[in-house]
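Structural description and commentary
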Amino acid sequence: MKLLFVIFLAGTLCHNVFLQNNNLSEITVFTWKEAKNANPDTIYAISFKKNKLKQVPKELSNYTKLIYLNLEKNKLQELPENLDTLINLKYLNISKNKFEIFPLVVTRLFELKTLIANRNYFQRIPNNIKYCKALHKIDLWNNPIEFFSEGFFELENLKELDLSSIRFSPKHHKKIVEKFGEIDLKIDAPCDCMD
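A brief structural summary.

Rules used in this analysis
Residue positions are counted from 1 within each chain, in the order its sequence is given. It should be noted that, the model being predicted, local features are given only for residues of pLDDT at least 70 and side-chain atom pairs only at 80 or more, the latter also being counted only at that level, while totals for whole chains, interfaces and linings use all residues. For side-chain calculations, the full set of non-hydrogen atoms in the structure is used, while hydrogens and water are omitted. When DSSP finds at least two bridges between two strands, those strands are taken to pair. Starting at the N terminus, helices and strands are each numbered in turn, a helix being any DSSP run of H or I of at least four residues and a strand any DSSP run of E of at least two. We call two residues in contact whenever any of their non-hydrogen atoms come within 4.5 Å of each other. Only the stretch in contact is used when fitting a helix axis, every axis being a line fitted to C-alpha atoms; angles between N-to-C directions are given from 0 to 180 degrees. Salt bridge, as used here: a side-chain nitrogen of Lys or Arg that lies within 4 Å of a carboxyl oxygen of Asp or Glu. Residues enter a nonpolar core if they are buried and are Ala, Val, Leu, Ile, Met, Phe, Trp, Tyr or Cys, with the set joined through side-chain atoms within 4.5 Å. Burial classification: accessible surface area is computed with a 1.4 Å probe over protein chains only, and a residue below 20% of its type maximum counts as buried, one above 50% as exposed, and the rest as partly exposed.

Turning our attention to the sheet that holds strand 3 (residues 68-70). Read across the open sheet, the eight strands follow the order 1-2-3-4-5-7-9-10; overall the sheet is parallel. Edge positions in the sheet fall to strand 1 (30-31) and strand 10 (184-187), since each of these pairs with one other strand and no more. As paired elements, strand 4 (residues 91-93) and strand 5 (residues 114-116) share three bridges and run parallel to each other. Bridge pairing links Tyr91 to Thr114 in strand 5. Against the sheet, helix 3 (residues 170-180) touches strand 9 (160-163) and strand 10, its axis set at about 165° to strand 10.

Pasting the structure below:
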């Protein structure tokens, strides 16, 4: 019995160290099939990658301890409004889906540090993105984004920004480079065909 307690205590301490250091490589990522029958308070990472999802399961909002969520390579067009119950979420991947409008609920994930949203179809990033003050990394590669709202330029903690394969006008390109030129910025040359 003492051995079980020691193992439990060690697991708890390791988890707390992970939470403090935000080291995603030290966390167990569960599939939804594995996670849906577990106690939501024991699950910190779930991957729905390549599940052909058209909707996120409603029950996901019960997993409030989640810090990692991968929804990559599905058929999602929207995220549920109750996704903002995932108040501890630090990593979100919604890449290669069918989003035509940037999911506004993402702007209510205030602890989010990494947002991977490449290869979708949205043209604008909402002004409310400014509330995601913890964001360190954003990957928007290959989205047809026309311009960014002023709120985007208020993200002071960004360290990495991928805007590859997006064409901006010289004026907007200059504004992006002036604001984010000191961080790890991936951006193509401006398009002279735009105003």
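Now, onward.
The next thing to look at is the pattern of salt bridges. Per the counting criterion, the structure on display carries nine salt bridges. The partner of Lys179 in a salt bridge is Glu156, with the nearest N and O atoms 3.0 Å apart. With a gap of 23 residues between them, Lys179 in helix 3 and Glu156 in the loop between strand 8 (147-148) and strand 9 connect regions that are remote in the sequence. Connected through shared salt-bridge partners, Lys49, Glu72 and Arg119 make up one network.

Next up on the list: the nonpolar core. The biggest cluster of nonpolar side chains holds 47 residues, and the ones touching the most others in it are Ile46, Leu69, Leu79, Leu92, Leu140, Phe148 and Phe152. Listed by contribution, the elements that provide at least two residues to this core are helix 2 (32-35), strand 9 and helix 3. When residues no more than four places from it in sequence are discounted, the contact partners of Leu79 are Val56, Leu71, Ile94, Phe99, Pro103, Val105 and Val106.

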